[in-house]
Amino acid sequence: MRKLLQHIILSLIIMAAMWSSCSSRRAKAGHKDLIPEKDLIGILTDSYIADGLLSIPGIFEDFSEGDTLTTYTDIIEGHGYTRQQMDRTMRYYFIRKPKELVKIYDQVLGALSKLESIVDKDFPAARIKDLNFWPGEEIYSFPSPAGNELHELDLILPEREAYNINFTLTLYPDDQTIDPRPTLYLSHTDSTGVEQKILFPSFPYIRDGQPHNYNLFRMNNIPSPARLRGSFINDSLTPPGRFKHYRVDNILMTRSRVDQ
């Protein structure tokens, strides 16, 4: 949350620089036209929520014709201010009172935490589970308490959809996997035995024994039937006998229809 909010504030500062064509004489004008702190917190809070919504594939597709600057402008105007006022306000805090900007930033985090608590209370886990189309196991771990340590996936998926996979992975310090990273991909094998693949993004995991949340997104434009193959954690480079110690849980797969 903190990292994304930093991105939003930086984006608004960049917007201010892009919008601003005023002279240094104008910059020295009075500050009576600045956005009040309370309303500024509301704008930054709504900007964070909008940024989060636009990261959801189905919503992003609906708003793909717009751009980020337009979205933030609509938020500012929705609070009764203009982008020029936001320009002046962000410049004022960034240049004149950066410490106050940090305090405002902390209040935004507080407001978001309150909203998160409300959502957790009013949107129980059972309803979230109804949105989950994950066809595999709820938990993958190594070593496995159930004695099932097969982690190569081969799952049938609905056709012609975009897939977003969220999961939590804990990679323990005593794990000896070489270059641990996800190697998931969409797969289709035609009648001649030729396999077509669409790879999900791959990145190195953090090996600190702490749970980390990850997100994978990929459009599916291969023929049906499509399958999800690969592994949450690749061990193809790891020699036999090396100790592996990790856990994958909180797996959530959401999907959106791809236009034919």
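Check the entry above for the structure.
Just so you know, these numbers come straight off a predicted model, no measurement behind them.

1. Details of the overall build of the chain
A count of helices and strands for the chain gives 8 helices and 8 strands. Buried positions account for 35% of the 260 residues belonging to the chain. Long-range pairs, those at least 24 residues apart, make up 81% of the contacts in the chain with a sequence separation of at least 6. Split by element, the accessible area of the chain, about 15500 Å² in all, is 54% carbon and sulfur.

2. Thoughts on the sheet that holds strand β4 (residues 185-189)
The 4 strands lie next to each other as β2-β7-β4-β5, forming an open sheet whose pairing is antiparallel. Single-partner strands in this sheet number two, and they are β2 (153-157) and β5 (195-199). Sheet twist, expressed as the mean angle between neighbouring strand axes with direction ignored, is 30°. Pairing geometry for β4 and β5, over 5 bridges, is antiparallel. Each residue of the ladder has a partner; that of H188, found in β5, is Q196.

3. Concerning the environment of I76
Note on placement: I76 falls in helix α5 (residues 68-78). Given the relative accessible area of 0%, I76 is considered buried. Considered as a pair, I76 and L44 are 32 residues apart in the sequence and their alpha carbons are 9.0 Å apart.

4. A short note on unusual backbone geometry
Apart from glycine, the bulk of residues carry a negative phi angle, and the bulk of peptide bonds sit in the trans form. For the peptide bond that leads from F142 to P143, omega is 0°, which places it in the cis range. Phi is positive for D179, close to 50°, though the residue is something other than glycine. Unusually for a residue other than glycine, N250 sits at a positive phi of about 50°. Looking at the secondary structure, you find N250 in strand β8 (residues 246-257). On the accessibility criterion, N250 (57% relative accessible area) is exposed.

5. A word on the nonpolar core
Grouped burial of nonpolar side chains is what soluble globular proteins tend to show. Counting residues in hydrophobic clusters, the biggest one holds 27 residues, and the most contacted among them are W134, I165, F167, L228 and F232. Of all elements in the fold, only β1 (140-142), β2, β3 (161-171), β6 (211-219), β7 (226-230) and β8 reach the threshold of two or more residues within this core. When near neighbours in sequence (up to four residues on either side) are disregarded, W134 contacts Y140, L153, L155, I165, L228, F232, I251 and M253. The next biggest cluster of nonpolar side chains, apart from the first, holds 20 residues, and it includes I43, Y72, Y92 and Y93.

6. Quick notes on the pattern of salt bridges
Here the structure, examined in full by the defined rule, presents 10 salt bridges. Linking R229 and D154 is a salt bridge whose minimum nitrogen-to-oxygen distance equals 3.1 Å. Placement of R229 in strand β7 and of D154 in strand β2 is noted, with a sequence separation of 75 residues between them. In the salt-bridge network here, residues are joined through shared partners; they are D154, E195, R227 and R229.

7. Topic: the side chain of T238
In this fold, T238 is placed in the loop between β7 and β8. Engagement of the side chain of T238 in a polar contact is seen with the backbone nitrogen of I178, the distance being 3.0 Å.

8. What about the environment of Y163?
Position of Y163 among the secondary structure elements: in strand β3. A relative accessible area of 0% places Y163 in the buried class. Here the alpha-carbon distance between Y163 and F133, two residues 30 residues apart in the chain, equals 9.6 Å.

9. Description of the environment of G230
Note on placement: G230 falls in strand β7. You can call G230 buried: its relative accessible area is 5%. For the pair G230 and L186, spaced 44 residues apart in sequence, the C-alpha separation works out to 8.7 Å.

10. Some remarks on the pairing of β4
With 4 of 5 residues buried, β4 is to be regarded as a mostly interior element. Linking β4 to β5, which pair antiparallel, is a turn of 5 residues; within it G193 sits at a positive phi near 90°. Sheet topology note: the β4/β7 ladder contains 3 bridges and is antiparallel. Considered in β7, the bridge of L186 is made with L228.

What counts, and where the lines are drawn
Residues numbered from 1 in each chain as written. Predicted model: local features only at pLDDT ≥ 70, side-chain atom pairs only at ≥ 80, totals over all residues. Heavy atoms only, no water. Helix = DSSP H or I, 4+ residues; strand = E, 2+ residues; numbered from the N terminus. Buried < 20%, exposed > 50% of the residue type's maximum accessible area, 1.4 Å probe, protein only. Contact = heavy atoms within 4.5 Å. Areas by Shrake-Rupley, 256 points an atom, 1.4 Å probe, with all protein chains shown as cover. Pairing = 2+ DSSP bridges. Axes fitted to C-alpha atoms, helices over the stretch in contact; angles between N-to-C directions. Core = buried A, V, L, I, M, F, W, Y, C linked by side-chain atoms within 4.5 Å. Salt bridge = Lys/Arg side-chain N within 4 Å of Asp/Glu carboxyl O. Polar contact = N/O pair within 3.5 Å; in protein donor to acceptor, adjacent residues only side chain to side chain.

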